[in-house]
Amino acid sequence: MSLPSISVIIPTYNREKVLRETLADVLQQDYPDFEVLVVDQTPTHEPETDAYLQSLAESNRIQWLRLDWASLPGARNYAVRRSQGAIILFLDDDVQLPPGFLHAHARNYLDNPEIGAIAGRVFDRMKLADSGGGLTIEDLPPEAMDPGIAWYYIDLVHTVKPQQVLSVRGCNMSFRREIFDKYGLHFDERFRGSAVREESDFCLRLRQTGYKIWYEPDAHLIHLGEETGGCHDISTRSISYQITFYHNHFLLGLNNLTLSQCLRFFARLFDCHVLGHPPCNKSGSPIKTLVRGWFYTLGFFNAVGTVLQSSFQDGQIYSQQDELAHSQKT
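The structure reproduced in this document is the subject of the present report. (Residues numbered from 1 in each chain as written. Predicted model: local features only at pLDDT ≥ 70, side-chain atom pairs only at ≥ 80, totals over all residues. Heavy atoms only, no water.)

### Focus: unusual backbone geometry
Thought 1: P279 follows P278 through a cis peptide bond whose omega is 10°.
Thought 2: Inspection of the secondary structure assignment puts P279 in the loop between α9 (259-274) and α10 (286-309).
Thought 3: A positive phi angle, close to 60°, is found at A195, a residue other than glycine.
Thought 4: Summarising the element assignment, A195 is placed in the loop between α6 (178-181) and α7 (198-206). (Helix = DSSP H or I, 4+ residues; strand = E, 2+ residues; numbered from the N terminus.)

See the structure below:
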């Protein structure tokens, strides 16, 4: 059986050297049929990066898609509409790939027709440092398949055994094309800022198709976790970031969960991110706890406002702009 074609999609924002290194790793992959789409939301690159991307585009080694807005889910949707592969694979713009990475994703789709998505393993520098690098997990606990609390039990860093999972990590995930074409799924552009939880939202909707999400540790990469650029269109220390962080979590729940699941999810979010209990391990200072509680509250009402607004405007503004521009051209 022939290997499926793969579209590698890399959204990028304000990245320079690390983006060039990521692209070099991708282009060195020994895979017979793949294309690379770089969705570039950077206003102005350094001359070296600009020349590098221009050279790759002119030699048809990448599609260089330049946009004047910054939205991670919007960038993903934009590239999917322009891709050709039977498999759509998303990477961050600050990763390092081993040889055989694309093969590790592709073979799972050939081996099991029930698989609709692959969650690759992520060697996350920060999480490995926190654990000391010696932790290994065979089977994820049952809680990792419970949508109400799974987000605190899914570990795609330390897990070493292939298995079904509830969600993926956005820096290393792939999907069958029909997830988008046949079932009409798209990434929700109402997820703002760093767009935390947008891939989780997508995966909860994907499960309604009957397809499985499969964790494949052989499809591993190193995530550098750069502090600037990427999808960080706002500073992680800003008030806007803090509000959108909670907004996105609440939006995930309001979009997909039952009332009881929402209550458990929101309670766990408060316990971890506001009170600072494990695994978040944040400062227990009364002032900091009060401030985080204020952001939590603002984020909740912000998400409720988003849901109410969506009753008359679905919020997929970047896709709507793209579709309008396409219709005007034709």
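Here the narrative resumes, following the displayed structure.
### Observations concerning the pairing of strand β8 (residues 172-176)
On a regular strand, one side chain projects to one face of the sheet and the next to the other, so that they alternate.
Thought 1: Burial analysis of β8 places five of its five residues in the buried class, the great majority of the element.
Thought 2: Bridging between strand β4 (residues 87-91) and β8 involves five bridges; their strand directions are antiparallel. Bridge pairing in β8 links F90 to M173.
Thought 3: As paired elements, strand β6 (residues 115-124) and β8 share three bridges and run antiparallel to each other. Residue pairing across strands places I118 opposite S174, the latter belonging to β8. (Buried < 20%, exposed > 50% of the residue type's maximum accessible area, 1.4 Å probe, protein only. Pairing = 2+ DSSP bridges.)

### Some words on helix α2 (residues 47-58)
Thought 1: In this model, α2 (twelve residues) spans 16 Å end to end at C-alpha, consistent with the 16 Å of a helix rising 1.5 Å per residue.
Thought 2: Turning to α2, its buried residues are T49, L53 and L56. Burial along α2 is one-sided: seen end-on, the buried residues are contained in an arc of 60°. Turned more than 90 degrees away from the buried face of α2, the exposed residues are P47, E48 and E58.
Thought 3: Next to the buried residues of α2 lie α1 (17-27), β2 (34-40) and β3 (63-66).
Thought 4: Immediately downstream of α2, the backbone of N60 shows phi near 60°, a positive value. (Expected span 1.5 Å × (residues − 1). Arc of directions from axis to C-beta. Contact = heavy atoms within 4.5 Å.)

### Concerning the packing of helix α8 (residues 239-256) against α9
Thought 1: Here α8 crosses α9 at 160°, and the two axes come no closer than 9 Å. In terms of orientation, α8 lies roughly antiparallel with respect to α9. Classified by chirality, the crossing of α9 by α8 is right-handed. Where α8 approaches α9, its residues F245, Y246, H249, F250, L252, G253 and L254 are matched on the opposing element by C262, F265, F266, L269, H273 and V274.
Thought 2: Taken together, the residues that form the contact of α8 with α9 break down as ten nonpolar, three polar and no charged. (Axes fitted to C-alpha atoms, helices over the stretch in contact; angles between N-to-C directions. Parallel < 35°, antiparallel > 145°, perpendicular 65-115°, else oblique. Left-handed = near helix turned anticlockwise from the far one by under 90°. Nonpolar A, V, L, I, M, F, W, Y, C, P; charged D, E, K, R; others polar.)

### Here's the deal with the state of the cysteines
Here a disulfide denotes one covalent bond, and it connects the sulfur atoms of two cysteines.
Thought 1: All chains considered together, the criterion is met by one disulfide.
Thought 2: Put simply, C272 and C280 are joined by a disulfide, and their sulfur atoms are 1.8 Å apart. Note on the C272 and C280 pair: the S-S dihedral is about 100°, so by sign convention the disulfide is right-handed.
Thought 3: No disulfide involves C203; its sulfur sits 12 Å from that of C171, the nearest cysteine.
Thought 4: Among the cysteines around C262, which has no disulfide bond, C272 carries the closest sulfur, lying 18 Å off. (Disulfide = S-S within 2.5 Å.)

### Details of the packing of aromatic side chains
Thought 1: Inspection of every chain in the model, using the stated rule, returns 21 aromatic pairs.
Thought 2: Summarising the aromatic geometry, the rings of W69 and Y78 are spaced 6.3 Å apart at their centres and angled 80° between planes, so their arrangement reads as edge-to-face.
Thought 3: Seen in terms of ring centroids, F250 and F300 are 5.2 Å apart; in terms of plane orientation they differ by 80°. Their pairing is edge-to-face. With F250 in helix α8 and F300 in helix α10, this pair connects stretches of sequence that are 50 residues apart.
Thought 4: The class of F250 is buried, set by a relative accessible area of 1%.
Thought 5: If you follow R76 out to its NZ or CZ, it ends over the ring of F187, 5.5 Å from the centre.
Thought 6: Across from the ring centre of Y78, 3.6 Å away, lies the NZ or CZ of R82, which sits over that ring. (Phe/Tyr/Trp six-rings, centres within 6.5 Å; stacked < 30°, edge-to-face > 60°. Lys NZ or Arg CZ within 6 Å of the ring centre and 35° of its normal.)

### Quick word on the packing of α7 against α8
Thought 1: At their nearest, the axes of α7 and α8 sit 9 Å apart, and the two run at 10° to each other. On the basis of the axis angle, α7 is roughly parallel to α8. Only L252, N255 and N256 of α8 make contact with α7, whose side of the interface consists of S200, D201, L204 and R205.
Thought 2: Here the residues of the contact of α7 with α8 sort into two nonpolar, three polar and two charged.

### Focus: helix α4 (residues 101-111)
Thought 1: Among all positions of α4, only F101, L102, A104, H105, A106, N108 and Y109 are buried.
Thought 2: Looking at the buried positions of α4, the neighbouring elements they touch are β1 (6-12), β2, β4, β6, β8 and β9 (212-223).

### Points about the nonpolar core
Thought 1: Ranked by size, the top nonpolar core spans 59 residues in total, and within it F90, W151, F175, F180 and L206 carry the most contacts.
Thought 2: Here the element with the most residues in this core is α8; it accounts for seven residues.
Thought 3: By size, the runner-up hydrophobic cluster in this structure holds 28 residues, among which are I6, V38, L53 and L97. (Core = buried A, V, L, I, M, F, W, Y, C linked by side-chain atoms within 4.5 Å.)

The analysis is restricted to geometry; functional conclusions fall outside its scope.
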